[in-house]
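Descriptive structure summary
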Amino acid sequence: MPDPAATRWIVPGFVWLWALALISFSLFGARVARYIGVLRRARPEQRWDRLPRRLWLFAVNVLGQKRLFGETWIGAAHFLIFWSFVFYASSFFWNLLRGMAPILPVPYADEVGPMAFALEAAGVLGLAALAVAALRRYIFTPERLERSRDATLILVLISLVLLSSLAGSGFSALAHPRVWQPVGKAIAGLFASLGADAGHAGAGYLAMWWLHMVTVLGFLAYLPYSKHMHLLASTFGVFFAQLDEGVLPAGTEGASKLEEFTWRELFSGLACAECGRCDRACPAFLSGYPLSPKDLMHEVKLLVRGGGGDGAGLVGAAVKNETIWACVTCAACMERCPVFNEHVPLLVEMRRRLVANGEVDAQLQTALMNLGRYGNSFGQSPRNRTKWVPALGFKPKDARNEAVEYLWLTGDYAAYDPRVQPVTVAAGKVFERAGLNFGILYEAEQNSGNDARRAGEEGLFEVLRDKNLASLEKARFERIVTGDPHTYHALKNEYGRDGAVLHYSELLAQLIASGRLPVSQKLEAVVTYHDGCYLGRYNGVYDPPRRVIEALGARLLEMPRNRATAWCCGAGGGHIWMEDVPGIEERPAERRVREAAATGAAILAVGCPKDMVMFEDASKTAGLEGRLAVRDVMQLAEEATRSNGAN
Amino acid sequence: MSGTIWVLAEHWRGQLSPVTYELLALGREVADALGVPLEAVLLGHGASGLAATLGCADSVLYGDHPALAEPMAQPYAEALAALALENRPAAVLIPLTNVSMGVGPLLAARLGCAGVNFAKDLTVRDGRIEAQCLLYGGKIQACVASAGGTVIEGVWPGARQADQGRSDRVPPVREVQLSLAEPRVRLKQYVDPEAGDVNLAEQEVLVAVGRGIQSQDNLELAENLAAALGGAVCGSRPVIDQGWLPLVRQVGKSGVTVKPKLYIAAGISGAPEHVEGMRDADVIVAINSDPSAPIFEVADYGIVGDALDVLPALAEAVEARKG
Amino acid sequence: MNILVLLKMVPDVVEELEIAPDGKSLASDALRMILSESDDHALEQALLLKERHGGVITVVAADGPEVDDALYTAAAKGADRVVKITGLEAGWGTRGLAHAFARVISTLPGLAPFDLILTGTQAIDDLDALVAPSVAYELDLPYVPIVSRVQVDPAAREADVFKEYPGGVRGEFAAPLPAMLGIQSAEKPPRYVPVAKVRAAMKTVKIEPAALATAADGGGPLVYVLAMAKPQASGRAEMLEGAPEEVAAKLCETLASRGLLAGRAA
């Protein structure tokens, strides 16, 4: 085959290559440099730590494309497109270098037999995968996936890259068929049937070679101007992911303008491929709230592309207040996002700005003021935190005065809400039964601050955290146990302290397995379990509650959306305190209880007081009263471990 | 010191307020216990005709001046002070209403004498007037006396029944010329509230909601119950302030006074300002999660619980009975 | 505009109030103080006026438990000066407090000349006086109580205010400046100020102390408490017990027996 670098057209081929490469790389480089310049104006954030873990994340999620397989067909297709693309990119650089330096004693990529075969295979698989992708995007279009011009262009360009290579192989095979080119030979056969012969091979091969190179160079230049910037950015996005999952950065001022966000927060916009997985998972979006995580990412992308633009900032402008408040911080979006974008921290940063401006709805305001003043969102005296104690029948140890092994933090709802107090009483009984050395902080316990933080009131979070830390400092205990996942998450991950923190289900699993808490009467019940967001997605505690439920003798059925795909009850992010948004047909909690009832279970088991409250209310409005009972796993444990007759 | 007991005869827009008769009834008791006369003090401009029904008092002291045409705190206090300096009453009873707000403290300041606020009852012991006062939103009761001299008693409506203070006797009227400074504050107009779809005063059943209803969305629960009972929804001040109900639905000191057959107070604490507007209802049912809420003092039936649970349960029970 | 706002702390009734052993006052151990609700509205109204007309807001309060919190919060919300009166004896009541306010307003440099003084129309512990009329008397100011809307014409030196009357009626009054207004509610509910701003204020804002030369001139409190008690449950209310469904059923029976549920058609 003719050497494209040597073949002349006005000037030798390599001159053209140099020229085109220079233009393409300059355009690419300039745009990328501009992005980097924009990102450098943003707030710093340390994401170079724990390199081994980052490399592993990269291996699994970029090389392995793990999260894409959440949607199986496109997962497989994208995997093939990705690897075929990587392979072709390598081959491209090989050819480019060889083409730009003809004196190199190196063959072109396709001149190496096995390489030619590999290129053909990658090409075919790639095209097949592209066909699947196109079918999905244009015929079986999933919700929130757009048939944008950008997407179409990309599909066409990549197809062109692969087709031109295969066609080139066809022309090559027309003249010199090799055993390494089965596809090429087939295509050559097609060309022959159309009247081509070996005489056309050379010109055809050159044409395809140049078409291929120009397409790739063109694509390279176009890439950073399109949504396919994600090709470049996503790799880094994964590498620079938030390793402390679910933990928020500190800071009270919030962000609205470009310079006020961190570079990683802005990077999410660039890494976003607009695949729509976040929207398809978002309970707020799917219930009709004015929030689309994908649109949010798009606004960030536009902000970065515009270099900060007129300096107006996103809050209240491109991103409306209602949108910012609509998030329940369930992190379903972040769980699904293949490029590890950070939707929730972005929204919380913007909420911080709204709070700083005092733009907070009246009910949320009341809750925040109550938290600050009384340490609980109910606006009740701190002394009422132990109103449930008399029903227990004995007074738990006061951990402020005595050393205990387990420091039991109940959280607000379990202490103040009459619907949840029975769970707390049940827990006390169970701890006593298991002979645990446990105590509570009585009035000294304050709300953990987790939800205040997620509502954007970082200053309040700090105050609550510091008060709680002071109490913890003075008390003597070995581990903390709580039935409140929001408290669990804050204590475990956001207070900056070491020390074991256990959820009821984790402790129960241990106690039952070790025999310390024998099951005296198995539960004859069919149960389905709801994975609360702050226990499940945020902290990966999926198995202990299931082990407990099964150990108690109940039959466990799974809802379609379980574990990491569990559907949020809608109370998080401060929503349990906010005014209701009008015009919502079916609130997240109602949808969930219907999903639970549809499994055929009679009991919806939960591990979170907020879940309990939301689902009890929802079961009434959904007309499921009497058909579906809502119980905390702890209550089930208490029932199943009673000694005959008495406590 | 003559030792007379004075009652400020409150009137507004041409009518004597019912609380005037309540205070006359109370003043009568105090005056009799002390063995001194009871005098009603009527201030106004061309208002002497109102004196005829104040016969529960031994006499009426009428002060006329253009500045007193509308009840306003500073001119009234100035007039009362001038009269008090001359006549030296033992006590002046002034109602704690929006109309007379501020008169008492201004008068006490001018006279340099004692003022007592929030009294719900007055008793006489050892020749001295003791006031039973409701403080802290009705949560604490204090028995209060003055160190001596004239005392200005600010009294809540409802201390006595108005009928006890009405009389057919026409009292003698003593008209006094007053010289008062030109008032600096000028009334421009009264603004009546927009006529609502519902006239609370005509309702036989009212379901009232307070802070305990927690959010505007929960109003529906009250509306359902009101519909089941054939009544209407009203609210205490906080609910109106939040904008959950219009001004015409406010019951209490700045709102409407109602006397329905049935008044259900849900999530209302029972502070005096609200109670003033509904305590004459035939049957009062109170629902509040706080067992020590003052509303239970005035209720016939009390339920300690969450209004958000009790209201729908009640609506259901009522509907069940009908169907 | 130069606006003064007078603040007072009152017992927080969210906490259970207990009587002290002397039987005449509140037990102090569990007692928490909170800014009087209508004073909070007065501050909010002042802030709204400042937003409209510009000017300076000075907040004045008497020393006492938890008052610093209220002062720093006021500063964080936008008050320009915060003044704390020291030397006021406990037990002087609202009368003594009003007198102290009047003294400080008259003597502390920079407070006068002012255009408006705003304070809550009444507080839950105003046993012997109200701040607004008492201060208005001492400073000889025009005074309007129970104010729910304030509009100011700085050029005409006049305030146009709404006072609340029974039945939802409002009276529109014109008061010449300087004037004293007893605020019932601001045009908007008191704004939220984030904790971070209050904490920042604690670091940067100086509370100016204003010491009283003498505790009070007027010669001692004029009223005193003989006894204090929680209202006896009059036992008048028949309490219904049980789960919501049970009490609903019981109540229905009772109301029906009293002829209050005349089976109306839906």
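This one's a predicted model, so the numbers in the text were calculated from it and none came from an experiment. (Residues numbered from 1 in each chain as written. Chains lettered and ligands numbered in written order. Predicted model: local features only at pLDDT ≥ 70, side-chain atom pairs only at ≥ 80, totals over all residues.)

1. Examining the overall build of chain A
Per the secondary structure count, chain A includes 27 helices and eleven strands. Overall size of chain A, expressed as C-alpha extent along the three principal axes, is 100 × 55 × 45 Å. Burial status across chain A gives 50% buried among its 647 residues. Long-range contacts, defined as pairs at least 24 residues apart, comprise 78% of the intrachain contacts of chain A with a sequence gap of at least 6. (Helix = DSSP H or I, 4+ residues; strand = E, 2+ residues; numbered from the N terminus. Buried ≥ 20, exposed ≤ 12 C-beta atoms within 10 Å, placed from the backbone. Contact = placed C-beta atoms within 7 Å.)

2. Concerning the overall build of chain C
The helix and strand inventory of chain C stands at six helices and 13 strands. In terms of principal-axis extent, the alpha carbons of chain C reach across some 70 × 50 × 40 Å. A total of 266 residues make up chain C; the buried ones form 49% of that total. Across chain C, the fraction of contacts at a sequence separation of at least 24, relative to all contacts at a separation of at least 6, is 70%.

3. Section: the interface of chain C and chain B
Each partner contributes residues to the interface: chain C has 64 residues there, and chain B has 75 residues. At the level of secondary structure, the elements contributing two or more residues to the side of chain C that touches chain B comprise helix H4 (131-139), strand E7 (143-153), strand E9 (170-176), strand E12 (223-229), strand E13 (238-240) and helix H6 (244-257) of chain C. The element best represented in the side of chain C that touches chain B is H6 of chain C, accounting for ten residues. Taken together, the residues of the side of chain C that touches chain B break down into 44 nonpolar, nine polar and eleven charged. Pairing of strand E9 (residues 140-146) of chain B with E12 of chain C involves six bridges; the strand directions are antiparallel. Across the sheet, Cys143 of chain B pairs through a bridge with Ala227 of chain C, a residue of E12 of chain C. (Nonpolar A, V, L, I, M, F, W, Y, C, P; charged D, E, K, R; others polar. Pairing = 2+ DSSP bridges.)

4. As for unusual backbone geometry
The amide bond that connects Ala112 of chain C to the next residue, Pro113 of chain C, takes the cis arrangement and shows omega of 0 degrees. Unlike most non-glycine residues, Ile10 of chain A shows phi in positive territory, near 70 degrees. Its location among the elements puts Ile10 of chain A in the loop between strand E1 (8-9) and strand E2 (11-12). In the Ramachandran plot, Arg13 of chain B falls in the positive-phi region, its phi being about 55 degrees despite a non-glycine side chain.

5. Quick notes on the sheet that holds strand E8 (residues 526-529) of chain A
Residue and element names in this part refer to chain A. An order of E9-E8-E10-E11 is seen for the four strands of this open sheet, with the pairing classed as parallel. Looking at strand neighbours, the two that pair on one side only are strand E9 (555-557) and strand E11 (629-632), the edges of this open sheet. Each adjacent strand pair in this sheet contributes to an overall mean axis angle of 35 degrees, direction not counted. Across the sheet, helix H26 (residues 609-621) is in contact with strand E10 (603-606) and E11; its angle to E11 comes to roughly 175 degrees. (Axes fitted to C-alpha atoms, helices over the stretch in contact; angles between N-to-C directions.)

6. What to know about helix H15 (residues 343-356) of chain A
The terminal C-alpha atoms of H15 of chain A lie 20 Å apart, and with 14 residues this matches the ideal 20 Å at 1.5 Å per residue to within 8%. Most of H15 of chain A sits inside the fold, with 14 of its 14 residues counted as buried. (Expected span 1.5 Å × (residues − 1).)

7. Brief notes about the domain arrangement of chain A
Residue and element names in this part refer to chain A. On domain assignment, one finds that chain A holds domain 1 (8-226), domain 2 (247-356) and domain 3 (364-640). Relative to domain 2, the C-alpha centre of domain 1 lies at a distance of 32 Å. Classifying every residue of the side of domain 1 that touches domain 2 by side-chain character gives eight nonpolar, one polar and eight charged. (Domains from an automatic or database assignment.)

8. A word on the interface of chain A and chain C
One frequently used descriptor of interface size is the decrease in accessible area upon assembly of the parts. On the side of chain C, eleven residues touch chain A, which itself brings 18 residues to the contact. When its residues are assigned to classes, the side of chain A that touches chain C shows eight nonpolar, eight polar and two charged.

9. Considerations on the sheet that holds strand E6 (residues 116-120) of chain C
The ten strands lie next to each other as E12(B)-E9(C)-E8(C)-E7(C)-E10(C)-E6(C)-E1(C)-E4(C)-E5(C)-E11(C), forming an open sheet whose pairing is mixed. A single partner strand is all that each edge strand has here, and the edge strands are strand E12 (186-191) of chain B together with strand E11 (207-211) of chain C. The mean inter-strand angle of the sheet, taken between neighbouring strand axes irrespective of direction, is 30 degrees. Here six bridges tie strand E1 (residues 2-7) of chain C to strand E4 (residues 56-62) of chain C, and the two strands are oriented parallel to one another.

10. A short note on the packing of helix H1 (residues 13-40) of chain A against helix H3 (residues 72-100) of chain A
Packed helices, taken two at a time, are described by their axes: the angle between them and the distance between them. Residues and elements named next belong to chain A. The contact between H1 and H3 brings their axes to 8 Å, and the two run at 125 degrees. Classified by the angle their axes make, H1 and H3 are oblique. With respect to the hand of their crossing, H1 and H3 are arranged in left-handed fashion. On H3, the residues touching Gly13, Phe14, Leu17, Trp18 and Ala21 of H1 are Leu96, Gly99 and Met100. Its residues assigned to classes, the contact of H1 with H3 comprises six nonpolar, two polar and no charged. (Parallel < 35°, antiparallel > 145°, perpendicular 65-115°, else oblique. Left-handed = near helix turned anticlockwise from the far one by under 90°.)

11. Some remarks on helix H2 (residues 67-77) of chain C
All names here are of chain C. Taking burial as the measure, the eleven residues of H2 include nine buried ones, the bulk of the element. Of all the residues in H2, the buried ones are Val67, Ala70, Leu71, Tyr72, Thr73, Ala74, Ala75, Ala76 and Lys77. Gly78, located one to two residues past H2, shows a positive phi value of around 135 degrees.

12. Some remarks on the packing of helix H8 (residues 307-322) of chain B against H6 of chain C
Put simply, H8 of chain B and H6 of chain C touch, their axes get as near as 8 Å, and they point 50 degrees apart. One element, H8 of chain B, and the other, H6 of chain C, form an angle in the oblique class. Two packed elements cross with a definite hand, and for H8 of chain B against H6 of chain C that hand is right-handed. On H6 of chain C, the residues that touch Asp309, Val310, Ala313, Leu314, Glu316, Ala317, Val318 and Arg321 of chain B of H8 of chain B are Pro244, Glu245, Val247, Ala248, Ala249, Leu251, Cys252 and Ala256 of chain C. Residues belonging to the contact of H8 of chain B with H6 of chain C are distributed by class as follows: twelve nonpolar, no polar and four charged.

13. Brief notes about the nonpolar core
Val7 and Val41 of chain B together with Val5, Val59 and Phe101 of chain C are the most contacted members of the largest nonpolar core, which totals 329 residues. It is helix H5 (residues 149-175) of chain A that provides the largest number of residues to this core, a total of nine residues. Sequence-distant contacts of Val41 of chain B, that is, excluding residues within four places in its chain, are made with Trp6, Val7, Leu8, Ala9, Leu61, Leu80 and Leu83 of chain B. One finds Val209, Val239, Met278 and Leu311 of chain B within the second-largest nonpolar core, a separate group that totals 57 residues. (Core = buried A, V, L, I, M, F, W, Y, C linked by C-beta atoms within 7 Å.)

14. Details of the confidence of the model for chain A
Averaged over all residues, the pLDDT of chain A is 92; the fraction at 70 or higher stands at 99%. No element of chain A has a lower mean pLDDT than E1 of chain A, at 82, and none a higher one than strand E4 (residues 406-409) of chain A, at 98. (pLDDT = per-residue confidence, 0-100.)

15. Regarding the environment of Val124 of chain A
Residues and elements named next belong to chain A. Relative to the helices and strands, Val124 is located in helix H4 (residues 113-138). Residue Val124 is classed as partly exposed on the basis of its C-beta count, with 16 C-beta atoms lying within 10 Å. Along the primary structure Val124 and Leu96 are separated by 28 residues, whereas in three dimensions their C-alpha atoms are 22 Å apart.

16. Let's talk about the environment of Lys24 of chain C
All names here are of chain C. Structurally, Lys24 is set in the loop between strand E2 (9-11) and strand E3 (33-35). Assessed through the 15 C-beta atoms surrounding it within 10 Å, Lys24 is described here as partly exposed. For the pair formed by Lys24 and Val67, sequence separation is 43 residues and the distance between their alpha carbons is 23 Å. In contact with Lys24, other than residues within four places in its own chain, are Val225, Ala227 and Met228.

17. What to know about the pairing of strand E10 (residues 151-155) of chain B
Residue and element names in this part refer to chain B. Across the five residues that make up E10, a large majority, five, are buried. A two-sided burial pattern is seen for E10, the buried positions comprising Val151, Glu153 and Val155 on one face and Ile152 and Gly154 on the other. Two elements, strand E6 (residues 91-95) and E10, share five bridges in a ladder whose sense is parallel. From the neighbouring strand, Val92 faces E10, where its bridge partner is Ile152. Where strand E7 (residues 114-125) and E10 come together, four bridges link them in parallel fashion. Directly across from Gly115, in E10, lies its bridge partner Ile152.

18. Some points on the confidence of the model for chain C
With 95% of its residues at a pLDDT of 70 or more, chain C has an overall mean of 91. Interface scoring of the predicted complex returns ipTM 0.91; its pTM is 0.90.

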